[in-house]
Every structure is written in C-alpha cells, then in structure tokens.
Amino acid sequence: MIGRRLACLPVILLLALPALAPAPASAAVSCDPTDPMCQQVIDAQNQANQIQQQLDDIKKNLANVQAAIAKLDAVLAVLQKQRADQEAQIAATQKQIDDLSRQIRLKEAEIDRASAHIQIREQVLDQRVRAMDKHGKLDYMQLVLTSKDFNQLLDRVVVMQDIVRGDEQLLSSLKSDKQLLQVLRDGLNQKKAEQETLLTKQQQQKADLDVTIGQQNQALAYQQQLAAQLAAKQAELEDAKKVADAQVAYLQQQYDLAAQQLGGGSGQFMWPERGPITQPFGCSQLLGEMVDYSCPYPHRKHTGLDIGANYLTPIHAADSGIATVYPGSYGYGNYVIIVHGSGYSTLYGHMDHFAIHNGPVLRGAVIGYEGSTGYSTGPHLHFEIRYNGVPYNPCTWLGC
C-alpha cells in the first residue's frame, strides 16, 4: 500500500517540526488501519492519549493537593490566632500573679510593722504594770503626799488609770489590725495560688497548641513537597505530550502527503451522486443525530447531507485519497472514509455494499452502492466533508 513506502521514515524527524499543530484524534482513525503508516499514526495518537490521561490525572491530583494546602493554611491561621490569644491570656494571668505578689509583700510589710509596734507597746505596758504592781502603794502614797488637795489626788489617780486603760485599748486595736492584715494576706495568697493554677493550665494548653501547630506544619510541608513533585511531573508530561502531538502531526502529515500524491487535498469536491437533498446540514430534531448544545432542544445536529437516489445507485469518491471501509449495522451502517490530505476527509454512509477495499482511490471512482444500512429510514447517502476532523456543510464546496 501507499503507506508502506512511508513507514520507514525516521521518527526523529518530528523534533524538527515543533510548529506543527497537533492532529485531531479523529484524524488518526481516518485511514486504513491495515496500512503500516496508518498504524503508526494510530499508535502515536494512542501514546499521546495515554500521556494526556496521565497529565489529566496529575492535574487532578495537583488540584487536590493545592486544595489540601489551602485548608491547612486556613487551619494554621486559626491555630496561630488561638496561640496568640493563649499567649495574651498567659501574659494577663502572669500580670495578675505579679500584682498579687506585690500586694502580698505590702501586706507582709504592714504585718511586720504592726507586729513590731505591738511588741513595743506590750513591753511598755508590761513595764508599767509591773512597776505599778511593785510600787503601787508607794506611788499612791507619793501621790497623796505630793497632791495639794484631794481633787488633785483624784485627778492624778484617774490620769494614771486612763494611761493604763489607753495602753490596753491600743494594744487590743493593734492586735485586731494585725489579725485583719493576716486575713487579707491569706486571701491574697489564695488568689495567687488560684492564678498560678490557671497559669499552669494555660501554659499546658499552649504547649498542646504548639504540638498541634507542629503537626500541621509537618503536614503542610509534606503537601507542599508533594505539590512540587506533581508540578514537576506535570511539566515533564506536558513536554512529553508536545513531543507526542508533534509525532502524531508529523505522521498524519506524511499520511496526508501520500493522499495528496494521488491528487487529493485540493479542497475541491465533486458530487458523490446526484439526487435531491432529503435532509440538509445543521440543527435537527432527530434524536439519533450528534449532540450539539449550540442547537436548540433536543440539541441535535445533522453533520452532513442526505442525498436521495434509487437503491444500488453507484456512489463516487468526491476526491482522490486513501480509503478505509467500515462495515456496520448501526449508526452510519456500511460506510467509507477517504483521507484526501491537507486536512480534508469525506465520509459516505448507509451503503448497501462496498465496491473497493482499503487503499488508494481516484476522484470519481465508484466506492460503493446506495443502501439503507445502519440508522436509516430508506435508501439514501449520508455525505460529510470534514476539515481537520470537524464536519462542515458540504454545500460550501458543492454549491447546493
């Protein structure tokens, strides 16, 4: 076959054709699969599809990892805020403890001063009482002898008693003040102990938060490392996909060149048969047609022309090229695809039977006969003109 003389072309030549556009997936199967050159195109397209699948998986995994990183960042932001709040609480508790410690020191100083004052007053009172006990009579006699009159004597006795009684009241008041200070100090110590317990709890909570933050940071570091690996793998696969697409484009170009050497690929087509157009190209209401959401409901499109003719009317190649026959009982039924080169191909559907085998055909050659195989309501030819694998209205070339 024509492709056989192209099969030995070195694949390394694809590296010299980086500007070639990737061939559409449909173009790779629009040829004779028994032809070695066509099989190279199919194999290259399959390899490109496998790389694309790996690339899609990598992109999906990378997106998942990036989403996980975003979630970890959000969790860490919450944890860091909690840690900052915890540190603020610890600082406030520590300040409370420091304030209580200062108050306790002040109360202890007051207690010490009161104790010293009490001790002095006790010593003075004790000395006065002992002196009165020891020299009480002499003193009273002295008071009698030295007093000018009885009233002066009574005044001196009363004064002496008031002094003793005042000392006793002062001593009692000092002891009460000391006891009150002691109670206040004990209360402050209790509050300080409670604050120290709270501080210990807050410090433990902070330590637990630090552990959690450390674990989250480790998880984030792992996800970031994984993201970097996936990004590197993605770049590697994208480079491999470019090479594979270039290979497909190059091989398809060589296959198209073989078709062009037969005279095809000029972009000029003849009618494959003459007859009325029973269904035009464009949006359709038939559910069996191709899905196209640019069309109104039910979003179906007829991708070619239906040409009516008598049963077994000969069908001709609209241009020269390399033909591949596809027997079938569904959809197009028995149909032929001819690759013409320069991105052009034609499809002929619902044939009763074929007049050719896989291989080169010339413009105007009979390739099959009118039928109603596949999804068909009566004898007709479904004719498509495709450019780079995409069907266009044949009337653009035929001038319907």
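In every chain, residue numbers begin from 1 and rise along the written sequence. Totals for whole chains, interfaces and linings use every residue, but because this is a predicted model, local features are given only for residues with pLDDT of at least 70 and side-chain atom pairs only at 80 or more, for both listing and counting. Side-chain figures throughout are based on the complete set of non-hydrogen atoms in the structure, without hydrogens or water.

Draft legend 1. Expanded view of the state of the cysteines. Here, the term disulfide refers to a pair of cysteine sulfur atoms separated by no more than 2.5 Å. Under the counting rule described, the total for this entry stands at 2 disulfides. Shown here is the disulfide that connects Cys 283 with Cys 295, its sulfur atoms set 2.1 Å apart. Here Cys 283 and Cys 295 share a disulfide; its torsion about the S-S bond, -80 degrees, makes the bridge left-handed. Here the residue Cys 283 occupies a position in strand β2 (residues 282-284), and Cys 295 occupies one in the loop between β3 (290-291) and β4 (300-302), the gap between them amounting to 12 residues. Remark: exposure states derive from per-residue accessible area (1.4 Å probe, protein chains only) relative to the maximum for the residue type, with buried under 20%, exposed over 50%, and partly exposed in between. You can call Cys 295 buried: its relative accessible area is 2%. Each disulfide pairs two cysteine sulfurs, and for Cys 395 the partner residue is Cys 400, the sulfurs being separated by 1.9 Å. Taking the sign of the torsion about the S-S bond as the criterion, the disulfide between Cys 395 and Cys 400, at about -95 degrees, is left-handed. With relative accessibility at 49%, the residue Cys 400 sits in the partly exposed group. Strands are runs of DSSP state E lasting at least two residues, helices are runs of H or I lasting at least four, and both sets are numbered from the N terminus onward.

Draft legend 2. Spotlight on the sheet that holds strand β10 (residues 353-354). By the convention used here, strands pair only if DSSP detects at least 2 bridges between them. The strand order across the open sheet built from 3 strands is β6-β12-β10, with neighbouring strands paired in antiparallel fashion. Only two strands of the sheet have a single partner each, and these edge strands are β6 (314-316) and β10. Note that β10 and strand β12 (residues 366-369) share 2 bridges and pair antiparallel. In the sheet register, Phe 354 faces β12, and the bridge partner there is Gly 368.

Draft legend 3. Summary view of the packing of aromatic side chains. Working definition: rings of Phe, Tyr and Trp (its six-membered ring) pair if their centres are within 6.5 Å, and the pair is stacked with planes under 30 degrees apart, edge-to-face with planes over 60 apart, and tilted otherwise. Applying the stated criterion across every chain, the model contains 7 aromatic pairs. When the ring of Tyr 326 is compared with that of Tyr 335, the centres are 4.8 Å apart and the planes differ by 10 degrees; the resulting orientation is stacked. Note on Tyr 344 and Tyr 387: the rings are 5.0 Å apart at their centroids and 55 degrees apart in plane angle, and the pair reads as tilted. You can see Tyr 344 sitting in strand β9 (residues 344-351) and its partner Tyr 387 sitting in strand β13 (residues 380-387), a full 43 residues away along the chain. What links up through ring pairs into an aromatic cluster is the set Phe 269, Tyr 344, Tyr 387 and Trp 397.

Draft legend 4. Here's a closer look at the sheet that holds β2. Taking strand neighbours across the sheet as the criterion, the 3 strands line up as β2-β4-β3 in an open arrangement whose pairing is antiparallel. Both outer strands of the open sheet, β2 and β3, are each paired with one neighbouring strand and no more. Of the pairings in the sheet, the one linking β3 to β4 comprises 2 bridges and is antiparallel in character. Looking across to β4, one finds that Val 291 is bridged to Arg 300.

Draft legend 5. Molecular detail of the side chain of Glu 370. By the element assignment, Glu 370 lies in the loop between β12 and β13. In this tally, Asp and Glu contribute negative charge and Lys and Arg positive charge; neither His nor the terminal groups of the chain are included. Note on definitions: salt bridges are taken to be side-chain nitrogens of Lys or Arg within 4 Å of carboxyl oxygens of Asp or Glu. For the buried Glu 370, no salt bridge exists, and the shortest N-O distance to an oppositely charged side chain is 13 Å, to Arg 274. A polar contact of 3.3 Å, which involves the side chain of Glu 370, links it to the backbone nitrogen of Leu 381. Pairs of N or O atoms are called polar contacts if they sit within 3.5 Å, as long as, within protein, a hydrogen donor faces a hydrogen acceptor (for residues adjacent in sequence, only side-chain-to-side-chain pairs).

Draft legend 6. Main features of the side chain of Ser 320. Tracing the backbone shows Ser 320 in the loop between β6 and β7 (321-326). A polar contact is formed between the side chain of Ser 320 and the backbone oxygen of Leu 262, at a distance of 3.4 Å. From its side chain, Ser 320 meets the backbone nitrogen of Arg 363 in a polar contact 2.8 Å long. For this analysis, residues touch if any pair of their heavy atoms sits within 4.5 Å. With sequence-adjacent residues up to four places away left out, Ser 320 is seen in contact with Leu 262, Gly 263, Gly 264, Val 339, His 340, Val 361, Leu 362 and Arg 363.

Draft legend 7. Quick look at the pairing of β12. In this structure, β6 lies alongside β12, joined through 3 bridges in antiparallel fashion. Within β12, the residue paired with His 316 across the bridge is Val 366.

Draft legend 8. Region of interest: unusual backbone geometry. Between Tyr 297 and Pro 298 the backbone carries a cis peptide bond, its omega angle lying at 10 degrees. Looking at the secondary structure, you find Pro 298 in the loop between β3 and β4. Of note, the phi angle at Leu 312 is positive, near 70 degrees, even though the residue is not glycine. Mapped onto the elements, Leu 312 comes out in the loop between β5 (305-308) and β6. On the accessibility criterion, Leu 312 (38% relative accessible area) is partly exposed. At Ser 342, a residue that is not glycine, the phi angle is positive and equals roughly 60 degrees. Position of Ser 342 relative to the elements: it lies in the loop between β8 (334-341) and β9. Judged by its relative accessible area of 36%, Ser 342 is partly exposed.

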